[in-house]
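Chain and residue survey
What follows is each chain in one-letter form.
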Amino acid sequence: MTIYFYKVWQPYGCFSNFSPHSIEIQGTYWSTVEHYYQAQKFVGSVDAAIIPTIRDSRTPEEAAALGRCSSRQLRPDWDFVKIIVMREAVLKKFLTHADIREVLLSTGNEVLVENSSCDYFWGCGADKTGQNHLGKILMSVREEIRKLQVLSVVYRE
Ligand SMILES: Nc1c(N[C@@H]2O[C@H](COP(=O)(O)O)[C@@H](O)[C@H]2O)[nH]c(=O)[nH]c1=O
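These numbers come from a predicted model, not from an experiment. Here the residue numbers are simple positions, counted from 1 along each chain's written sequence. The model is predicted, so local features are restricted to residues of pLDDT at least 70 and side-chain atom pairs to those at 80 or more, both for listing and for counting; the totals for chains, interfaces and linings are taken over all residues. To obtain the side-chain values, all non-hydrogen atoms of the structure were used and water was disregarded.

Side note on the overall build of the chain
What counts is decided by this rule: By definition, any uninterrupted DSSP run of H or I lasting at least four residues is a helix, any uninterrupted run of E lasting at least two residues is a strand, and each is numbered from the N terminus. Every radius of gyration here is taken over C-alpha atoms, with the globule rule written as 2.2 Å times N^0.38, N being the number of residues. Remark: exposure states derive from per-residue accessible area (1.4 Å probe, protein chains only) relative to the maximum for the residue type, with buried under 20%, exposed over 50%, and partly exposed in between. The criterion used for residue contact is that any of the two residues' heavy atoms lie within 4.5 Å. Note on areas: Shrake-Rupley, 1.4 Å probe, and residue coverage restricted to the protein chains presented here. In this tally, Asp and Glu contribute negative charge and Lys and Arg positive charge; neither His nor the terminal groups of the chain are included. One atom stands in for each charge, and that atom is NZ of Lys, CZ of Arg, CG of Asp or CD of Glu.
Within the chain, the secondary structure is distributed over six helices and four strands. Along the chain direction, N to C, the helices and strands of the chain fall in the order β-β-β-α-α-α-α-α-β-α. Its C-alpha atoms give the chain a radius of gyration of 16 Å, within 12% of the compact-globule value 15 Å for 157 residues. C-alpha extents for the chain along the principal axes are approximately 50 × 40 × 30 Å. Scored against the burial criterion, the 157 residues of the chain give a buried share of 44%. Sequence separation of at least 24 residues holds for 60% of the intrachain contacts in the chain that already meet a minimum separation of 6. Of the roughly 8600 Å² of accessible surface on the chain, a fraction of 56% belongs to carbon and sulfur atoms. If you average the places of the 18 positive and of the 18 negative side-chain charges in the chain, the two averages end up 1 Å apart.

Remarks on the environment of Tyr36
Position of Tyr36 among the secondary structure elements: in helix α1 (residues 33-40). Once the C-alpha coordinates of Tyr36 and Val103 are considered, the two residues, 67 residues apart in sequence, prove to be 22 Å apart. In this view, Tyr36 contacts Ile23, Ile25, Trp30, Val85, Glu88 and Ala89; residues no more than four positions away in its chain are not counted.

Remarks on helix α6 (residues 133-156)
Since the α-helix advances by 3.6 residues per turn, residues separated by three or four positions end up pointing in the same direction. The following threshold applies: Under the convention used throughout, the expected extent of a helix is 1.5 Å for every residue step, that is, one less than its residue count.
With 24 residues, α6 ought to run about 34 Å at 1.5 Å a step, and its terminal C-alpha atoms sit 34 Å apart, in line with that. When we look at burial in α6, the residues that qualify are His133, Leu134, Gly135, Ile137, Leu138, Val141, Arg142 and Ile145. Packed against the buried residues of α6 are β1 (3-5), α4 (78-96), α5 (98-105) and β4 (112-114).

Points about the site of the ligand
The condition is simple: In this text, near means that some heavy atom of the residue lies within 4 Å of the molecule or strand in question. Counted as a polar contact is a pair of N or O atoms within 3.5 Å, where, for protein atoms, one must be capable of donating a hydrogen and the other of accepting one, and residues adjacent in sequence contribute only when both atoms are in side chains.
With respect to spatial proximity, 15 residues lie near the ligand, and among them Asn17, Glu34, Tyr37, Lys41 and Glu114 are the closest. For the ligand, a nitrogen atom lies 3.4 Å from a polar atom in the side chain of Tyr6. In this structure, Glu114 approaches the ligand through a side-chain N or O atom, which is 2.7 Å from an oxygen atom. Burial of the ligand by the protein chains amounts to 85% of its free accessible area of 520 Å².

Concerning unusual backbone geometry
In this structure, Lys128 takes a positive phi of about 70° despite not being glycine. In this structure Lys128 comes out as partly exposed when scored by relative accessible area, which is 45%. Residue Asn132 is not a glycine yet carries a positive backbone phi of 55°.

Comments concerning the packing of α5 against α6
Two quantities define a packed helix pair, namely the angle between the axes and the distance from one axis to the other. Stated formally: The convention used is that axes are lines fitted to C-alpha atoms, helices contributing only their stretch in contact, and that angles between N-to-C directions extend from 0 to 180 degrees. Each angle is binned into one of four classes, with values under 35 degrees roughly parallel, values over 145 roughly antiparallel, values of 65 to 115 roughly perpendicular, and all other values oblique. Residues are grouped as follows: Ala, Val, Leu, Ile, Met, Phe, Trp, Tyr, Cys and Pro are nonpolar; Asp, Glu, Lys and Arg are charged; every other residue, Gly included, is polar.
As a packed pair, α5 and α6 sit with axes 10 Å apart at the nearest point and diverge in direction by 105°. As judged from the angle between their axes, α5 and α6 are roughly perpendicular. In this structure, α5 contributes Arg101, Leu104 and Leu105 to the contact, and α6 contributes Leu138, Val141, Arg142, Ile145, Arg146 and Gln149. In terms of residue class, the contact of α5 with α6 is built from five nonpolar, one polar and three charged.

A few points about the layout of surface pockets
Gaps left between atoms are located by rolling a probe of water-molecule size over the structure's atoms. For clarity, the cut-off: Grid points spaced at 1 Å over the protein atoms alone were grouped into cavities, where a 1.4 Å probe fits but cannot get out, and pockets, open sets with protein on both sides within 12 Å along at least five of seven lines, with lining residues defined by an atom within 4 Å of a point. Grid points are joined across faces, edges and corners, and a volume is the space filled by probe spheres set on the points.
When its volume is computed, the largest pocket comes out at roughly 500 Å³. Forming the boundary of the largest pocket are 25 residues, of which Phe18, Glu34, Arg68, Glu114 and Asp119 lie nearest the centre. Counting residues per element, the ones that place at least two in the lining of the largest pocket are α1, α3 (60-68) and α4. Ranked by residues supplied to the lining of the largest pocket, first place goes to α4 with four residues.

The structure is reproduced here in structure tokens:
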């Protein structure tokens, strides 16, 4: 059975990038995956000065609003790197927080879908035809963590 998620307060809300699970990447602390993802849009861009403001945003909604502001210039390679950036952050989130790692593993081989009615890239969109890249990343992170767990058992023996 497909598992749909979207808002933090709905079922499987911990799969949302807005969930309150911090990550540390290359020595920098980010309150949520969304903070990190939105800030990475400006690495190396003329608007890089906005990065600390995004990092210090009080909420992921605030971070997203700053990152989505169309008057700022995105890094030129954003479309090429955004899936890699997102996967790195989502993997770190589930490696860092054992409780939600168990939730992710408990979904077995079910299909995970970000049920966003407006996002046809990260989510499935209103008519469910979207690319669901966030769901795909979560499924691939789930698989990677399973493999890491097998390896850790093998190397402990
Ligand atoms: N969960 C969730 C959203 N979805 C998230 O928005 C991000 C995409 O942002 P952008 O690339 O700037 O369009 C990505 O993390 C996607 O999972 N958006 C929201 O406004 N509220 C929400 O609760």
